[in-house]
Amino acid sequence: MAMQLPSIQDSLPSHKDLFYDGQWHAPSNKQDRETYSPGTGKVIDRIADAGVEDVDRAVQAARRAFESWRSTPAQQRAACMRRAADLMRKHAKELALLDALNTGNPVAEMLNDANMAAASLDYFAGLTPMLRGETIPQSTSGFHYTIREPLGVVARIIAFNHPVLFAGGKMAAPLAAGNTVIIKPPDQAPISCLRLAEILSDVFPPGVLSILPGSAECGRALSTHPMVSKVTLIGSVATGKAIQRAAADTLKPTLFELGGKNALLAFPDADIDKLVDGVARGMNFTWAGQSCGSTSRVFLHESHHDEVLDRVCQFVKTNYAPGVPTDMSTTMGPVISKAAQDRVLSYIASAVDEGATLVLGGKVPAASPVTDGGYFVEPTIFANVRPDMRIAREEIFGPVMAVFKWRDEDELIRQVNDTPYGLTAAIYTRSLATAHRTAARVEAGFVWVNQVGRHFLGVPFGGVKESGGGREECLDELLSFTQIKSVNLSLS
Ligand SMILES: NC(=O)c1ccc[n+]([C@@H]2O[C@H](COP(=O)([O-])OP(=O)(O)OC[C@H]3O[C@@H](n4cnc5c(N)ncnc54)[C@H](O)[C@@H]3O)[C@@H](O)[C@H]2O)c1
């Protein structure tokens, strides 16, 4: 029997304001903004827009709450987090529906997001016993030990492609470590985060968790506020650089998960069935390619290039069709906005101008009642892409795959690494030696072998070069929200 979803009307949050200090507040400047549904282009509602003064109030409240949250026993903090996880699972369908409505990503996939965020809360709740120090036998006349302390108020600024996953999942590590957290939802898709704030409103003591919808101005105010102890971003490289500069005046530590222009490397001995599946799925056409980890540069060996390209096109035609995001059977959504649709189309035009071969898609789908008004782009594949073309170098964040043909392994690695990005890479081969040799040579923080796309709680996720720094989804993430204090006792 098909899964029953709640109605959109019943799922929408009743609050449209700012959640901090355990309560809802109207923005001090009375400012709000329309939020849209990318699947229809229609306005859903008006949502408050936090300004500098609101940020200050929220930060002050979060700082007050920090004093008691940090000294709440870790097991008690973990219990609150597990309750939050249970509530997220209980409300997963409505949260998924709101993300589908507000981001355009198909609802069937968004259900995974709510459940993965809940899993992160459970995971970091379980890691709290690791918040421990060391003893250092430095001298016989002294006793030396370290304590791991939380930092204070942590601001987490998130991107639009997975609001519930990022809001729910990214609060987990800093809360577990004893910090208070302010989430800034994505400007384009704040609605599910407001519903999440309603669902979790009495789980944590007032001020421990705040949700401040707003634009870049809100993000900037968080990045510069002297009482914010650490600022993190899931977003673009340009925003990461802006935040790094803004945080410099208060010497605030940062943690960045930024963009990617990720490569899939297919060796001549690859299992062709697995490869076809991986090339197609790695592009994340389901959410119109809007994923930092999408393997948008595909390097096929000349021995299988034509066969694999042909089969990937068939696979994509069969499995991805633009549709209504809130419908459980939809396999592909729109991009986030009209501006994003225009940007993706301009990349497609640039590839045609620069001489790449368009083998699939390349335009807005023909008008139909299903896609009418939405910001859809067909799943698009280019072959004969050269490394100097714009679609080979820039993150498109849309459903556009660039396919390259290779012959020489050293030249392949040179081309794969010839990018300022370094988030993920996927390697397809039957040879263990090739897999390990190549994994060591690719400049990426997260490497898949004979698979794509998956994250594994406990396995560090993060980028190298301009794709970011620091590692998440693992013990390192928890510890990155702590600082070490050393205590030296004289025993004489
Ligand atoms: N590495 C990862 O885990 C990961 C995951 C998802 C998305 N991303 C990246 O995110 C980007 C797409 O998302 P986007 O368009 O929402 O990114 P974006 O950088 O435009 O915005 C991200 C967030 O930063 C805020 N922001 C914008 N300017 C700011 C400023 N000057 N100071 C403080 N905050 C500011 C925005 O309001 C938003 O909440 C892509 O580059 C994608 O690769 C990375």
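Definitions and limits used
- Residues numbered from 1 in each chain as written.
- Predicted model: local features only at pLDDT ≥ 70, side-chain atom pairs only at ≥ 80, totals over all residues.
- Pairing = 2+ DSSP bridges.
- Helix = DSSP H or I, 4+ residues; strand = E, 2+ residues; numbered from the N terminus.
- Domains from an automatic or database assignment.
- Contact = placed C-beta atoms within 7 Å.
- Nonpolar A, V, L, I, M, F, W, Y, C, P; charged D, E, K, R; others polar.
- Near = placed C-beta within 6 Å.
- pLDDT = per-residue confidence, 0-100.
- Buried ≥ 20, exposed ≤ 12 C-beta atoms within 10 Å, placed from the backbone.
- Axes fitted to C-alpha atoms, helices over the stretch in contact; angles between N-to-C directions.
- Parallel < 35°, antiparallel > 145°, perpendicular 65-115°, else oblique.
- Expected span 1.5 Å × (residues − 1).

Pairing is antiparallel across the open sheet formed by 3 strands, whose spatial order is β5-β6-β20. Of all strands in the sheet, those with a lone pairing partner are β5 (135–136) and β20 (482–490), marking the two edges.

As assigned here, the chain comprises domain 1 (8–258 + 467–487) and domain 2 (263–456). In this assembly, 22 residues from domain 1 lie in contact with 25 residues from domain 2. Of all the secondary-structure elements, those providing two or more residues to the side of domain 1 that touches domain 2 are α4 (92–103) and α5 (107–126). Of all the elements, α4 adds the most residues to the side of domain 1 that touches domain 2, at 4 residues. Each residue belonging to the side of domain 1 that touches domain 2 can be placed in one class, and the counts come to 9 nonpolar, 9 polar and 4 charged.

Our focus in this paragraph is the site of the ligand. Near the ligand lie 29 residues; those nearest to it are Gly 219, Gly 235, Thr 239, Gly 259 and Cys 292. Within the residue set of the shell around the ligand, elements represented by two or more residues are α9 (216–224), β10 (228–234) and α10 (237–248). Looking at which element gives the most residues to the shell around the ligand, the answer is α9, with 4 residues. Taken together, the residues of the shell around the ligand sort by class into 14 nonpolar, 10 polar and 5 charged.

Turning our eyes to something else, we now look at the confidence of the model for the chain. Scored by pLDDT, the chain has a mean of 97; 100% of the residues are at 70 or more. Scored as a whole, the predicted complex attains pTM 0.97, and scored at its interfaces, ipTM 0.96.

Turning to helix α11 (residues 272–282), a few remarks are in order. Looking only at α11, the buried set comprises Leu 275, Val 276, Gly 278, Val 279, Ala 280, Arg 281 and Gly 282. Summarising the contacts, the buried residues of α11 are in contact with β12 (263–266), β13 (297–301), α12 (305–319) and β17 (424–428). Two residues or fewer after α11 comes Asn 284, characterised by a positive phi angle close to 55°.

Moving on: the packing of α5 against helix α6 (residues 163–170). At their nearest, the axes of α5 and α6 sit 8 Å apart, and the two run at 10° to each other. Classified by the interaxial angle, the pair formed by α5 and α6 is roughly parallel. Of the residues in α6, those in contact with Asp 113, Ala 114, Met 116, Ala 117, Ala 118, Ser 120 and Leu 121 of α5 are Val 164, Leu 165, Gly 168 and Gly 169. Looking at the contact of α5 with α6 residue by residue, the classes come out as 7 nonpolar, 3 polar and 1 charged.

Another point: α5. For α5, which comprises 20 residues, the first-to-last C-alpha distance of 29 Å matches the rise-based estimate of 28 Å (1.5 Å per residue) to within 8%. Considered for burial, the residues of α5 that qualify are Val 107, Met 110, Leu 111, Asp 113, Ala 114, Ala 117, Ala 118, Ser 120, Leu 121, Tyr 123, Phe 124 and Ala 125. Against the buried residues of α5 lie α3 (74–90), α4, α6, α7 (172–176) and α17 (475–480).

In this section: the sheet that holds β13. Spatially, the 7 strands line up as an open sheet ordered β14-β15-β16-β13-β12-β17-β18, and their pairing is mixed. Since the sheet does not close on itself, it has two edges, and those belong to β14 (357–360) and β18 (446–449), each with one partner. Each strand of the sheet is rotated relative to its neighbour by a mean of 20°, with strand direction disregarded. When β12 meets β13, the two strands line up parallel, connected through 3 bridges. By the bridge assignment, Leu 265 is partnered in β13 with Phe 299.

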